[in-house]
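Understanding the architecture of this molecule
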Amino acid sequence: MPTFRIEPISQALAPALQHRIDSKTKPLGSLGRLERLAKQIGCIQNTLSPALRAPVMLVFAGDHGITREGVSPFPQAVTAQMVLNFLAGGAAINVFARQNGFGLKVVDAGVNADLPAHPDLVPAGIDKGTRNFLHEPAMSPEQCQAAVQRGAALAQEIAASGSNVIGFGEMGIGNTSSAALLMHFLSGAPLAECIGRGTGLDDAGLQHKRSVLTQAAAHHAGISDPLEVLAAVGGFEIAMMAGAMLGAAEKGMILLIDGFIVSAALLVASRLAPSILEYCVFSHRSRETGHARLLDYLQAEPLLDLELRLGEGTGAVLAYPLLAASVAFLNEMASFESAGVSNRQ
Ligand SMILES: O=C(O)c1ccc[n+]([C@@H]2O[C@H](COP(=O)([O-])O)[C@@H](O)[C@H]2O)c1
Ligand SMILES: Cc1cc2nc[nH]c2cc1C
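Residues numbered from 1 in each chain as written. Chains lettered and ligands numbered in written order. Predicted model: local features only at pLDDT ≥ 70, side-chain atom pairs only at ≥ 80, totals over all residues.

Looking only at helices and strands, the chain has 13 helices and 6 strands in total. Relative to its length of 345 residues, the chain is compact, with a C-alpha radius of gyration of 20 Å against a globular reference of 20 Å. Each of the three principal axes of the chain carries a C-alpha extent, and together these read 70 × 40 × 40 Å. Counting the 345 residues in the chain, one finds 50% classified as buried. In the chain, 77% of the contacts between residues at least 6 apart in sequence involve partners at least 24 apart. (Helix = DSSP H or I, 4+ residues; strand = E, 2+ residues; numbered from the N terminus. Rg over C-alpha atoms; globule rule 2.2 N^0.38 Å. Buried ≥ 20, exposed ≤ 12 C-beta atoms within 10 Å, placed from the backbone. Contact = placed C-beta atoms within 7 Å.)

Another point: the sheet that holds strand β3 (residues 121-123). Here we have 6 strands laid out as an open sheet, ordered β3-β2-β1-β4-β5-β6, and parallel in their pairing. For this open sheet the edge positions go to β3 and β6 (280-282), each flanked by a neighbour on one side alone. Direction aside, neighbouring strands of the sheet carry axes that sit 25 degrees apart on average. (Pairing = 2+ DSSP bridges. Axes fitted to C-alpha atoms, helices over the stretch in contact; angles between N-to-C directions.)

This part is about the confidence of the model for the chain. Of all residues in the chain, 100% have pLDDT values of 70 or greater, and the mean over the chain is 98. Reported confidences for the modelled complex are a pTM of 0.99 and an ipTM of 0.99. (pLDDT = per-residue confidence, 0-100.)

A separate point is the UniProt feature "active site" (unreviewed entry) in the chain. Taking the UniProt record as the reference, the feature "active site" (unreviewed entry) is found at E312. The topology assignment puts E312 in the loop between α11 (291-297) and α12 (314-332). Classification of E312 as buried rests on a count of 27 C-beta atoms within 10 Å. Other than its neighbours up to four places away in sequence, E312 contacts V59, A91, A92, I93, G169 and M171. (UniProt positions renumbered as here; feature names shortened; annotations may be inferred.)

On to the pairing of strand β1 (residues 56-62). Consecutive residues of a regular strand have side chains that alternate between opposite faces of the sheet. Burial analysis of β1 places 7 of its 7 residues in the buried class, the great majority of the element. Burial of β1 is two-sided: the residues V56, L58, F60 and G62 facing one way and the residues M57, V59 and A61 facing the other way are all buried. As paired strands, β1 and strand β2 (residues 103-110) are joined by 7 bridges and run parallel to one another. Considered in β2, the bridge of L58 is made with K105. For β1 and strand β4 (residues 165-171), the ladder comprises 6 bridges, and the chain directions are parallel. In the sheet register, F60 faces β4, and the bridge partner there is E170.

Have a look at this one:
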């Protein structure tokens, strides 16, 4: 596995950015969270006049062997069906991406179907779904490494095409089970706090999911190396997304983090390169049980809480106007001096 060289973001301009923010015609600190966002973006880009260019949403799709255990109310076939819906432009993420000027790429990281070629589809499938991690590792070490490397290469291509904002989304029936176990093994949170209703399990379904995942956790007990954990209980879309996050941060891009599954991928990436977190904007707090605690663990401050639990990158794209607003106020607002407004005595 290549090591990822992710530099901590430069704090060289942090005092000057703070001064610029404080000079704007507003009471000190009154743009609240947008002020911290403007400063973070300025530091990531190491400029007093940051700019957001050609934002891209990558939706990683993959299938999961664990679906054989009845952990999701939806059949595995929905993953491929939703990929076709993305390619036809009819999913929620298509609507929000069009609305917010995002380019959209759907990445087949390991869907259990033969997908037709399409200009928006990146065919990068490792296999037709993972193995059932109740009984064996979800993927081999080689498959895991290949997924991470393909993801990193993809993000680097997107950076080379001129984009400096990359959003992460996913589609994979069963992937809240993977995310729950990744969180459990890598953060040490009790399993019960990592498991939620996903796409909408009822009480009996949730009980069953807890029982299956408790057995899976026992089967893999003792694993702690991030790549070993990723191979044991991850998904191809999660592994490729973790790689893409690492590749994007290496290129100094702004990483827009979506919900529970995307945050679990970031947890893996942050174990491989902790500085990656400095490049991340956390778009929202998902309704999925576990996300709030995972965000706390990552010391993340999400921008929105809209009770979303869809995935696809929807929260990330919905939060983008707030990034655009923070950059715009930094670049365009008058200062007390330029506008001739009296500052406090
Ligand atoms: O982003 C989230 O926080 C989120 C929370 C719950 C469900 N999802 C989506 O629902 C799917 C996984 O749910 P499940 O019940 O099949 O494990 C997958 O396609 C995710 O995109 C996503
Ligand atoms: C319909 C549907 C759409 C989704 N989008 C992301 N995960 C999903 C899961 C389902 C079931």
